[in-house]
Amino acid sequence: MSQMNAAVVTSFAEPPHYMQFEVPQPTGAKETLVEVVAAALHPRVRSGAAGAHYTSSGTLPLIPGVDGVGRLPGGQLIYFASDDDTRGTMAEQALASTGRWIELPAQVDVAKIAAAMNPAMSSWVALRRRVPLQPGQSVLVLGTGNAGAMAVAVAKRLGAGQVIAAGRNAERLNPLLAQGADAIVQLTDDQETTNAALAAAAGEVDIVVDYLWGEPAAQAITALLMARADRSRALDWIQIGAIAGLTLALPSAALRSTNLRVQGSGQGSVSPTAYLAELPSLVAEIAAGTIPVAVRTAPLAEVEQIWNTPAPAGERIVLLP
Ligand SMILES: NC(=O)c1ccc[n+]([C@@H]2O[C@H](COP(=O)([O-])OP(=O)(O)OC[C@H]3O[C@@H](n4cnc5c(N)ncnc54)[C@H](OP(=O)(O)O)[C@@H]3O)[C@@H](O)[C@H]2O)c1
């Protein structure tokens, strides 16, 4: 069996090692072996590589990487999502499945597409497929990492009226005012002040795009609901990330005494077909520069060092095989 260079996880407690690994073989007509051009290091990739994502099967060894830009045997560039949690995209070659890729224009910035698709898709799909945003509706983005920062631009692009961004990191929060946010709220350890600021800035929002969950989201739910003039007016809470906690305690009264509607957006709650249908327009937005993307590229050979070095604020690392 032929070999390739790949990032390989041999223990869930260690970063991947750059080493030789078997080239994956297509198992049917739906799979195509592609040359990987660029694959990004998203939080989702880290949780998969740690065996901690809800889709993880616990199988080792594994090649991490959930998506990337690849080249079909005929030369066509594609953006593709990996179907397999053990044979991912952080390798010289990977399998792409029909219905899980879209063709890219030849001149596209491959690192930018690899960096932005996963974080940008999270809000794009949530606001088009889970709670379709109505023009003029107001949105609170909770959590201001790469995905949250992009969610501000996405919400505006999809026709939101007011967009409020809330996060703990002032360095990441402040630039969002220049990227479309109408207001920002810093989440601090002073809960009372934070809740009051959230209530004042976002008490009447229509939709919350939540990347945090855990205690910050629990606090925010109560702060927002208590602030609403009409508690029977719908508040759509879209759970997308759980960077601050996998669970939260929700008082039953929050559901009885208000019109809080909680749902998630991610793999499983939206079909692969629906995801695929959204991708071409998202590629066009990224290529046109309407969604801000900061990329840091590195050779795949450096994956082990890169894994242990946090990306500078606001940047997404993209590995080039
Ligand atoms: N469902 C989907 O479709 C989907 C798609 C993409 C991403 N996601 C998820 O969304 C989340 C965010 O992804 P990302 O790409 O934006 O990650 P990222 O770029 O690494 O950013 C993470 C952000 O979370 C902040 N943070 C961490 N702990 C926090 C806490 N306790 N309270 C407040 N903020 C906190 C960090 O703040 P600092 O800057 O202060 O460190 C950072 O700004 C992840 O859980 C990811 O898996 C879901």
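Note that this is a predicted model, so its numbers are computed, not measured.

Reading the values: rules and limits
By convention here, each chain's residues receive numbers from 1 onward along its written sequence. Predicted model: local features are reported for residues with pLDDT of at least 70 only, side-chain atom pairs are reported and counted for 80 or more only, and whole-chain, interface and lining totals are derived from all residues. Each side-chain value is derived from all of the structure's non-hydrogen atoms; neither hydrogens nor water enter the calculation. In this text, helices come from DSSP runs of H or I with a minimum length of four residues, and strands from runs of E with a minimum of two, each type numbered from the N-terminal end. Two residues qualify as a contact provided that any one of their heavy atoms is within 4.5 Å of a heavy atom in the partner residue. The nonpolar core is taken to be a set of buried Ala, Val, Leu, Ile, Met, Phe, Trp, Tyr and Cys residues, with the residues joined through side-chain atoms within 4.5 Å. A simple rule labels every residue: compare its accessible area, found with a 1.4 Å probe on the protein chains alone, to the largest value its type can have, and call it buried under 20%, exposed over 50%, or partly exposed in between. If even one non-hydrogen atom of a residue comes within 4 Å of a molecule or strand, that residue is called near it. Polar contact criterion, stated in full: a pair of N or O atoms within 3.5 Å, where within protein one must be able to donate a hydrogen and the other to accept it, and residues adjacent in sequence count only if both atoms are side-chain atoms. Accessible areas in this description were obtained via Shrake-Rupley with a 1.4 Å probe; residue shielding takes into account the shown protein chains only. Two strands are said to pair when DSSP picks up at least two bridges between them. A fitted line through C-alpha atoms represents every axis, and for helices the fit uses only the stretch in contact; the resulting angles, taken between N-to-C directions, go from 0 to 180 degrees.

Participant: Help me out: how do you make sense of the environment of Thr309 in this one?
Facilitator: Within the secondary structure, Thr309 sits in the loop between α9 (303–307) and β15 (316–320). Put simply, Thr309 and Thr290 are 19 residues apart on the chain and 29 Å apart in space, counted from C-alpha to C-alpha. Thr309 has contacts with Arg46 and Ile317, leaving out every residue within four places of it along the chain.

Participant: Hey, could you run me through the nonpolar core in this one?
Facilitator: Nonpolar side chains tend to gather and get buried jointly when the protein is soluble and globular. Core analysis: the biggest nonpolar cluster contains 53 residues, and Ile113 and Met117 have the highest contact counts within it. Take this core: its biggest share by element is 12 residues, from helix α2 (residues 110–130). Those residues in contact with Ile113 that lie beyond four places of it in its chain are Val69, Tyr79, Leu104, Val108, Val283 and Ile286.

Participant: Looking at this structure, I do not really get the site of the ligand. What am I missing?
Facilitator: Near the ligand, the surroundings consist of 21 residues, among which Asn146, Ala147, Arg168, Arg172 and Ser265 are the closest. At 2.8 Å, a backbone N or O of Ala147 approaches an oxygen atom of the ligand. Within the backbone of Ser265, one N or O atom sits 2.9 Å away from a nitrogen atom of the ligand. If the ligand stood free it would expose 940 Å²; the protein chains cover 77% of that surface.

Participant: What am I meant to see in the sheet that holds strand β11 (residues 207–210) here?
Facilitator: Working definition: the strands of a sheet are paired by backbone hydrogen bonds and lie parallel or antiparallel to each other. The sheet built from six strands is open, its strands ordered β10-β9-β8-β11-β12-β13 with parallel pairing. Pairing within the sheet leaves two strands with one partner each, and these edge strands are β10 (183–186) and β13 (260–264). With direction set aside, neighbouring strand axes in the sheet form an average angle of 20°. As judged from the four bridges shared by strand β9 (residues 163–167) and β10, these two strands associate in the parallel manner. Following the sheet pairing, Ala165 is matched in β10 by Ile184.

Just distances and angles here, no functional claims.
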